[in-house]
Amino acid sequence: MPTKFKVIWFLCIVITVVGFLYLAAKDQMEEAVRAEEIANKKSQARLKQLQNPKGKKQTIKIDPIKAIREMNALGKYQEAVDMAEKVAKEYPDHAKLHTWWGISLVKLKKTQEAINHFVVAAKNDPTDEKAHLYWGLTLAMDKNFEEAIAHYRTVLEINPEHSNAYAYWGASLNALGKYEESLGKLNESIALHPLNSTAYAMRVDVLYNLKRYEKAWQQVQKARAANIFLPQGSISRLAEAFPEPLKNP
C-alpha cells in the first residue's frame, strides 16, 4: 500500500477512535447527570416522607396562651374557656393557662369559678402578677374590697412599678370611703404612668366625693389635654354638682 494511503487510513482510524471515545464520554456524562437527577429526586422524596410520614397529617403548632388571649380580645370568652379546658388536660399545672382561663371566666361573670383558677395559678407560680391582679379585680367586683387590696399589695411586691395595681387599690379605697388614702394610691399610679386613664378617672371621682369640685375639673381638663379618656358618667355627675368653670380668656 502506498505511503500516502497508509497515512490517510491511519488518520481515519484515529478520527474514528477519538470520535468513539468522545461519544462514549458524552454518553457517560449524560448518564451521570441523569443518575444525579434521579438520586436528587429520590432524596427529596425521602426527605418529604420523613417530614410528613405517609398517613400522618401535618400539624401546625399554635401557642394556646396567645390563642386564648386573642379570643378574649375578640370577645369570644366561651371559646377561650373551652380551649383552656382542653389544653389543661395535657398541662394541668400550667400557671399562665389557669390565669387566662380565670380571666375568660371573669368576662363571663363566673367570678367564683374564675377565682378557683387564680388560686391554682398563684400556687403554681407565686410570681404570676396577672393572676393576683385579676384575683383582686374579681373580688372587687363582688365588693370584697379589703381582700382585693391584699392582692394588689401582692402584685406590687412582685412588681413595684405596676401602675394599675396602685390604680385599682385606689379604686377599692374609694369604694370603702377612704378618700384621702385613695388619692395617695392614685397619685402613685400616675407618678409611674402619667397617662393611666383608670387612675385619672378615679381621681375625678374621689375629688367629687370629697366635694373638691374645682380640683376635679382641673383633673378633667388635664385629661382632655392629654387625650385621656374619662367616663362620661363621671363628668356629667360632676357638672350636675358644680358646673365647669370658664377658662380665663
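## Quick notes on the nonpolar core
L97 and Y152 are the most contacted members of the largest nonpolar core, which has 33 residues in total. Formed by 20 residues, the second largest nonpolar core is a distinct cluster that contains Y200, A201, V204 and I235.

## Notes on unusual backbone geometry
Phi angles above zero are rare outside glycine, and K109 is one such case at about 65°. K109 gets classed as exposed once you look at its relative accessible area, which sits at 67%. Even without being a glycine, K211 presents a positive backbone phi close to 60°. Within the secondary structure layout, K211 lies in the loop between α10 (197-209) and α11 (213-225). K211 gets classed as exposed once you look at its relative accessible area, which sits at 61%.

## Things to note about the packing of α10 against α11
Taken N-terminus to C-terminus, the directions of α10 and α11 make an angle of 165°; their axes are 8 Å apart at the nearest point. Between α10 and α11, the crossing angle belongs to the class labelled roughly antiparallel. Between α10 and α11 lies a crossing of left-handed hand. Together, Y200, R203, V204, L207 and Y208 of α10 and Y213, K215, A216, Q219, V220, K222 and A223 of α11 make up the contact between the two elements.

## Here's the deal with helix α8 (residues 163-175)
The terminal C-alpha atoms of α8 lie 19 Å apart, and with 13 residues this matches the ideal 18 Å at 1.5 Å per residue to within 8%. In terms of burial, α8 is a largely internal element, ten of the 13 residues being buried. By the burial criterion, the buried members of α8 are S163, A165, Y166, A167, Y168, W169, G170, S172, L173 and N174. Those residues of α8 that are buried lie in contact with α6 (129-141), α7 (145-158), α9 (179-192) and α10.

## A short note on the packing of aromatic side chains
Describing an aromatic ring pair means giving the distance of the ring centres and the angle of the ring planes. Scanning all chains against the criterion turns up four aromatic pairs. Taking 6.5 Å as the distance between ring centres and 5° as the angle between the ring planes, the aromatic pair formed by Y166 and W169 counts as stacked. Taken together, the residues span about one helical turn, with Y166 and W169 both in helix α8 at a distance of three residues. Like Y166, the residue W169 is buried in the burial classification. Joined through ring pairs, the aromatic side chains of Y208, Y213 and F242 make up one cluster. The ring of W169 carries the charged tip of K185 above its face, separated from the ring centre by 4.0 Å. R203 extends its terminal NZ or CZ atom over the ring of Y200, reaching a point 5.7 Å from the ring centre.

## Regarding the side chain of H98
Mapped onto the fold, H98 is located in helix α4 (residues 95-107). Classification of H98 as buried rests on a relative accessible area of 6%. Those residues in contact with H98 that sit more than four places away from it in its chain are P92, H117, V120 and A121.

## Section: the pattern of salt bridges
Two side chains of opposite charge can pair, provided their charged atoms sit close to one another. Applying the stated rule across the entire model yields five salt bridges. R212 is the salt-bridge partner of E180, the closest N and O atoms lying 2.4 Å from each other. Here E180 is found in helix α9, whereas its partner R212 is found in the loop between α10 and α11, with 32 residues between them in sequence. Look at E180 and you get partly exposed, because its relative accessible area is 47%. On the basis of relative accessible area, R212 is assigned to the partly exposed category, the value being 32%. The shortest N-O distance in the salt bridge between D205 and R237 comes to 3.2 Å. Of the two residues, D205 is situated in helix α10 and R237 in helix α12 (residues 232-241); the sequence distance between them amounts to 32 residues.

Cut-offs and rules
Residues numbered from 1 in each chain as written. Predicted model: local features only at pLDDT ≥ 70, side-chain atom pairs only at ≥ 80, totals over all residues. Heavy atoms only, no water. Core = buried A, V, L, I, M, F, W, Y, C linked by side-chain atoms within 4.5 Å. Buried < 20%, exposed > 50% of the residue type's maximum accessible area, 1.4 Å probe, protein only. Helix = DSSP H or I, 4+ residues; strand = E, 2+ residues; numbered from the N terminus. Axes fitted to C-alpha atoms, helices over the stretch in contact; angles between N-to-C directions. Parallel < 35°, antiparallel > 145°, perpendicular 65-115°, else oblique. Left-handed = near helix turned anticlockwise from the far one by under 90°. Contact = heavy atoms within 4.5 Å. Expected span 1.5 Å × (residues − 1). Phe/Tyr/Trp six-rings, centres within 6.5 Å; stacked < 30°, edge-to-face > 60°. Lys NZ or Arg CZ within 6 Å of the ring centre and 35° of its normal. Salt bridge = Lys/Arg side-chain N within 4 Å of Asp/Glu carboxyl O.

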